[in-house]
Amino acid sequence: MSHFKEPPKKNLGQHFLTDKSIIEHIVHSVDPKPDDHIVEIGPGQGAITFPLLKRHGKLTVIEFDRDLITPLSEAAHGIGELTIVHKDVLKVDFDKLAGEGKIRLVGNLPYNISTPILFHALEHCTHVQDMHFMLQKEVVDRMAAEPGSKVYGRLSVMLQAICHVIPLFDVPPHCFNPPPKVNSAVVKLIPRPTEEIQIDNKALFEAVVRDAFSQRRKTLRNALSKQCTSEQLQAVDIKPELRAEQLPVRKFIQLANSLNASKASIV
């Protein structure tokens, strides 16, 4: 007998995964190890939760929908130790959750807030070992896009500057209840070592990337006119007539660091 009687809620962007082969594929990709601290975002009706719990024995889940709390807790009896955090994931302090160690994030992310969740996870990436997320395929394509691609943009640069982005496999709509109108995909993100992330001023880097892609058709000379001059672009070997989509991640970092150094020398 199922503990879950509530139908998926459209206002929460709920699409519950039902395909067993996809679920097995996700659990196999996560490949839990004995000492892992695994945290699932949005367990829903437990499609990924209980196979992970059965495999690992211990799991923390973050669920915003209060109607799912009791059914999740009841269904976990006899399977393993399930800790439920009833909270909006965007208000969860992952650093605090990780404690002295690191957490591994897993989740079929609600499509309507997937990008904010990604950026929230980035803010805590020093306490995150890796992430396995299911998202719209279009979003995963943007996350992993290379310079020159039509879908290479702000999300690509911000994520790739801090993480290795590895698309794993696609998931068609019929694998969910209700079926979404888009294809999905599972992606793995591995935060880069702290010493590898050479961003001197995170706020300035974010501003440069944001402005560069704010109007894609503009050249960098025009798009970044509030941030820097053509001479400052040329100082780091960036042609002012290029567009943002042509610039690799490392050049955005180099430009932001150069601008930061210039501002520091003026002060």
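Coordinates for the structure precede this section.
Below or above, wherever it landed, is the structure these notes cover. (Residues numbered from 1 in each chain as written. Predicted model: local features only at pLDDT ≥ 70, side-chain atom pairs only at ≥ 80, totals over all residues. Heavy atoms only, no water.)

1. Let's talk about helix α1 (residues 20-30)
Then comes step 1: Of the residues making up α1, those classed as buried are I22, I23, I26, V27 and V30. Each buried residue of α1 sits inside an arc of 135 degrees when the element is viewed along its axis, so together they form one side. Facing away from the buried side of α1, by more than 90 degrees, are the exposed residues K20, E24 and H28. (Buried < 20%, exposed > 50% of the residue type's maximum accessible area, 1.4 Å probe, protein only. Helix = DSSP H or I, 4+ residues; strand = E, 2+ residues; numbered from the N terminus. Arc of directions from axis to C-beta.)

2. Some words on the packing of aromatic side chains
Then comes step 1: Counting across every chain of the model gives 2 aromatic pairs.
Then comes step 2: Their ring planes at 75 degrees and their centres at 6.0 Å tell us that Y152 and F213 sit as a pair that is edge-to-face. Of this pair, Y152 sits in the loop between α6 (137-144) and α7 (154-162) while F213 sits in helix α8 (residues 202-214), and the two are 61 residues apart along the sequence. Here Y152 and F213 have matching classes, each one buried.
Then comes step 3: Grouped by ring-pair contacts, the aromatic residues Y152, F213 and F252 constitute a single cluster. (Phe/Tyr/Trp six-rings, centres within 6.5 Å; stacked < 30°, edge-to-face > 60°.)

3. So, the packing of α7 against α8
Then comes step 1: Interaxial distance between α7 and α8 falls to 9 Å at its minimum, and their mutual angle equals 155 degrees. Looking at the two axes, α7 sits roughly antiparallel to α8. Between α7 and α8 lies a crossing whose hand is right-handed. On α8, the residues touching R154, V157, M158 and A161 of α7 are F205, E206, V209, R210 and F213. (Axes fitted to C-alpha atoms, helices over the stretch in contact; angles between N-to-C directions. Parallel < 35°, antiparallel > 145°, perpendicular 65-115°, else oblique. Left-handed = near helix turned anticlockwise from the far one by under 90°. Contact = heavy atoms within 4.5 Å.)

4. Re helix α5 (residues 114-123)
Then comes step 1: Of all 10 residues in α5, 7 are buried; the element is thus mostly enclosed.
Then comes step 2: Looking at α5, one finds that the buried residues are S114, I117, L118, F119, H120, A121 and L122.

5. Here we look at the sheet that holds strand β7 (residues 163-171)
Strands pair in a sheet through their backbones, by hydrogen bonds, and they do so in one of two ways: parallel or antiparallel.
Then comes step 1: Strand order across the open sheet formed by 7 strands is β4-β3-β2-β5-β6-β9-β7, with mixed pairing between neighbours. Lying at the two open borders of the sheet, with one neighbouring strand each, are β4 (81-85) and β7. Across the sheet, the mean angle from the axis of one strand to that of its neighbour is 20 degrees, orientation sign disregarded.
Then comes step 2: Where strand β5 (residues 103-108) and strand β6 (residues 128-136) come together, 6 bridges link them in parallel fashion. Bridge pairing links G107 to F133 in β6.
Then comes step 3: Relative to β7, α1 is tilted by about 160 degrees, and along the sheet it contacts β2 (37-41), β5, β6, β7 and β9 (184-191).
Then comes step 4: Each of β7 and β9 is contacted by α7, which is oriented at about 120 degrees to β7, the strand it contacts most. (Pairing = 2+ DSSP bridges.)

6. Digging into the pairing of β4
Then comes step 1: Pairing of strand β3 (residues 58-62) with β4, which is carried by 5 bridges, proceeds in the parallel orientation. Directly across from T60, in β4, lies its bridge partner T83.
Then comes step 2: Of the crossover connections in this fold, the one passing from β3 over helix α3 (residues 69-75) to the parallel β4 is right-handed. (Right-handed = clockwise from strand over helix to strand, strands pointing away.)

7. Some thoughts on the pairing of β3
Then comes step 1: In terms of residue burial, β3 counts as a mostly covered element, since 4 of its 5 residues are buried.
Then comes step 2: Here β2 pairs with β3 via 3 bridges, running parallel. If you follow E40 over to β3, its bridge partner there is V61.
Then comes step 3: Between the parallel elements β2 and β3, the chain passes through helix α2 (residues 49-56) in a crossover that is right-handed.

8. Quick notes on the nonpolar core
Then comes step 1: In this structure, L105, F133, M143, L189, F205 and F252 are the most contacted members of the largest nonpolar core, which totals 58 residues.
Then comes step 2: Apart from residues no more than four positions distant in its own chain, L189 is found in contact with L118, D130, M131, F133, M143, L159, C163, H164 and V165.
Then comes step 3: Core analysis: the second largest hydrophobic core is formed by 27 residues, V30, L72, A75 and C175 among them. (Core = buried A, V, L, I, M, F, W, Y, C linked by side-chain atoms within 4.5 Å.)

9. Description of the pattern of salt bridges
Then comes step 1: Overall, the coordinates contain 8 salt bridges when judged by the stated rule.
Then comes step 2: The residue R104 makes a salt bridge to D130 at a minimum N-O spacing of 2.9 Å. One end of the pair, R104, is in strand β5; the other, D130, is in strand β6, with 26 residues separating them in the sequence.
Then comes step 3: With a relative accessible area of 6%, D130 lands in the buried category.
Then comes step 4: Its salt-bridge partner being D141, residue K137 comes within 3.2 Å of it at the nearest N-O pair. (Salt bridge = Lys/Arg side-chain N within 4 Å of Asp/Glu carboxyl O.)

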